[in-house]
Amino acid sequence: MIETTVKVDGMMCGMCESHVNEAVRKAFPEVKKVASSHTKGQTVIQSQEPLDREQLVRVINDTGYQAGEVVSRPLEKRGLLGHLKK
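What you see is a predicted model; the values in this text were computed from it and never measured. (Residues numbered from 1 in each chain as written. Predicted model: local features only at pLDDT ≥ 70, side-chain atom pairs only at ≥ 80, totals over all residues. Heavy atoms only, no water.)

Notes on the pattern of salt bridges
- Counted by the stated rule, this structure contains 1 salt bridge.
- With its nearest N and O atoms 2.9 Å apart, the salt bridge here joins Arg73 to Glu3. Pair noted here: Arg73 is in strand β4 (residues 66-74) and Glu3 is in strand β1 (residues 2-9), with a separation of 70 residues, a long-range link.
- Assessed through its relative accessible area of 13%, Glu3 is described here as buried. (Salt bridge = Lys/Arg side-chain N within 4 Å of Asp/Glu carboxyl O. Helix = DSSP H or I, 4+ residues; strand = E, 2+ residues; numbered from the N terminus. Buried < 20%, exposed > 50% of the residue type's maximum accessible area, 1.4 Å probe, protein only.)

Take a look at the structure:
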């Protein structure tokens, strides 16, 4: 699993967050989870494979908000018993 965090300027409320989330889901059907925060100024996306950064920035910019830095990293999901795995 990959977690991609995008800095997003211009979101002012929950409706802004929903607008960005919907645009990301529509452009990237393979996305497992997307959550935006206007207070943090970011969108966090989880997907099986890395997303096309240029397309991601374009999709967010097309919503009327300004995409900034994009950071992707592997995400290790640990379940309730994940601490037992070695």
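With respect to helix α2 (residues 53-62)
- Taken as a whole, α2 has its buried residues at Leu56, Val59 and Ile60. The buried residues of α2 all sit within an arc of 95° when viewed along its axis, so they share a single face. Structural note: α2 exposes Glu54 and Asp62 on the side pointing more than 90 degrees away from its buried face.
- Its buried side turned inward, α2 meets β1, α1 (14-27), β3 (42-47) and β4.
- Positive backbone phi, approximately 105°, marks Gly64, located one or two places after α2. (Arc of directions from axis to C-beta. Contact = heavy atoms within 4.5 Å.)

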